[in-house]
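An overview of the molecular structure
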Amino acid sequence: QVQLVESGGGLVQAGGALRLSCAASGRTFSRYRMGWFRQAPGKEREFVARITGSGDTTYYTDSVKGRFTISRDNAKNTVYLQMNSLKPEDTAVYYCKADRPASGDYYWGQGTQVTVSS
């Protein structure tokens with residue numbers, strides 16, 4: 001069982017920056033790939049970024065490439081999402097996800113609200 005707690009959301013003006021954190025419980029954090037997803041009002045949850053367990057490979061959706069950076073600190077059981085040059089269309093609830101495709105288990109955090117004003 002893995003518990004995930006996101007933090008760092010808030011209200012920011014367009015062009016600003018935020019850093020989200022997702023703290024995980026348990027001693028097997030490095031075995032999980034970690035991802036960030038977001039869900040805007042009235043829309044489906046969408047993929048934002050993902051990082052492998054070792055942290056050596058990252059993936060991003062096209063709309064955030066060059067603006068967002070995902071990273072992880074396995075010693076602190078934490079994954080981060082640095083968000084720069086924020087746009088109003090980035091407004092959403094951001095969720096952290098831990099999963100292991102080989103075993104099929106996955107876990108979600110409770111989400112943190114990010115609001116970007118124009």
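Residues numbered from 1 in each chain as written. Predicted model: local features only at pLDDT ≥ 70, side-chain atom pairs only at ≥ 80, totals over all residues. Heavy atoms only, no water.

1. Structural notes on the overall build of the chain
The number of helices and strands found in the chain is zero helices and 11 strands. Its C-alpha radius of gyration of 14 Å places the chain within 12% of the 13 Å reference for a compact globule of 118 residues. Reported as C-alpha extents along the three principal axes, the dimensions of the chain are approximately 40 × 25 × 25 Å. Within the chain, the proportion of its 118 residues that are buried is 41%. Within the chain, counting contacts between residues at least 6 apart in sequence, those at least 24 apart form 53% of the total. Accessible surface, the chain as shown: approximately 6,300 Å² in total, 45% of it carbon and sulfur. Here the chain holds 15 positive side-chain charges and 10 negative ones, and the gap between their average locations is 4 Å. (Helix = DSSP H or I, 4+ residues; strand = E, 2+ residues; numbered from the N terminus. Rg over C-alpha atoms; globule rule 2.2 N^0.38 Å. Buried < 20%, exposed > 50% of the residue type's maximum accessible area, 1.4 Å probe, protein only. Contact = heavy atoms within 4.5 Å. Areas by Shrake-Rupley, 256 points an atom, 1.4 Å probe, with all protein chains shown as cover. Lys, Arg positive; Asp, Glu negative; His and termini not counted. Charge placed at Lys NZ, Arg CZ, Asp CG, Glu CD.)

2. Comments concerning the state of the cysteines
Summed over all chains, the structure comprises one disulfide. Each sulfur in the disulfide pair Cys22 and Cys96 lies 2.1 Å from the other. Given an S-S torsion of about -80°, the disulfide between Cys22 and Cys96 has left-handed geometry. One end of the pair, Cys22, is in strand E3 (residues 18–24); the other, Cys96, is in strand E9 (residues 92–100), and 74 residues separate them in sequence. Of the two residues, Cys22 and Cys96, neither departs from the other in class, the shared state being buried. (Disulfide = S-S within 2.5 Å.)

3. Topic: the nonpolar core
In terms of nonpolar packing, the biggest core is built from 28 residues, with Leu4, Met34, Trp36, Val79, Leu81, Met83 and Tyr94 touching the most fellow members. Elements that contribute at least two residues to this core include exactly E3, strand E4 (33–39), strand E5 (46–51), strand E7 (68–73), strand E8 (78–83), E9 and strand E11 (112–117). (Core = buried A, V, L, I, M, F, W, Y, C linked by side-chain atoms within 4.5 Å.)

4. Side note on the pairing of E11
Every other side chain in a regular strand lies on the same face of the sheet, so the side chains alternate between the two faces. Burial along E11 is one-sided: the residues Thr112, Val114 and Val116 are buried and none of Gln113, Thr115 and Ser117 is. Looking at chain direction, strand E2 (residues 10–13) and E11 are connected through four bridges and run parallel. Bridge pairing in E11 places Gly10 opposite Val114. (Pairing = 2+ DSSP bridges.)

5. Section: the sheet that holds E8
Here four strands make up an open sheet; going across it, the order is E1-E3-E8-E7 and the pairing antiparallel. With partners counted over all chains shown, the strands left at the sheet margins are strand E1 (4–7) and E7, one partner each. Here the average twist between neighbouring strands, direction ignored, is 15°. Of the pairings in the sheet, the one linking E1 to E3 comprises four bridges and is antiparallel in character. The partner of Val5 across the bridge, within E3, is Ala23. (Axes fitted to C-alpha atoms, helices over the stretch in contact; angles between N-to-C directions.)

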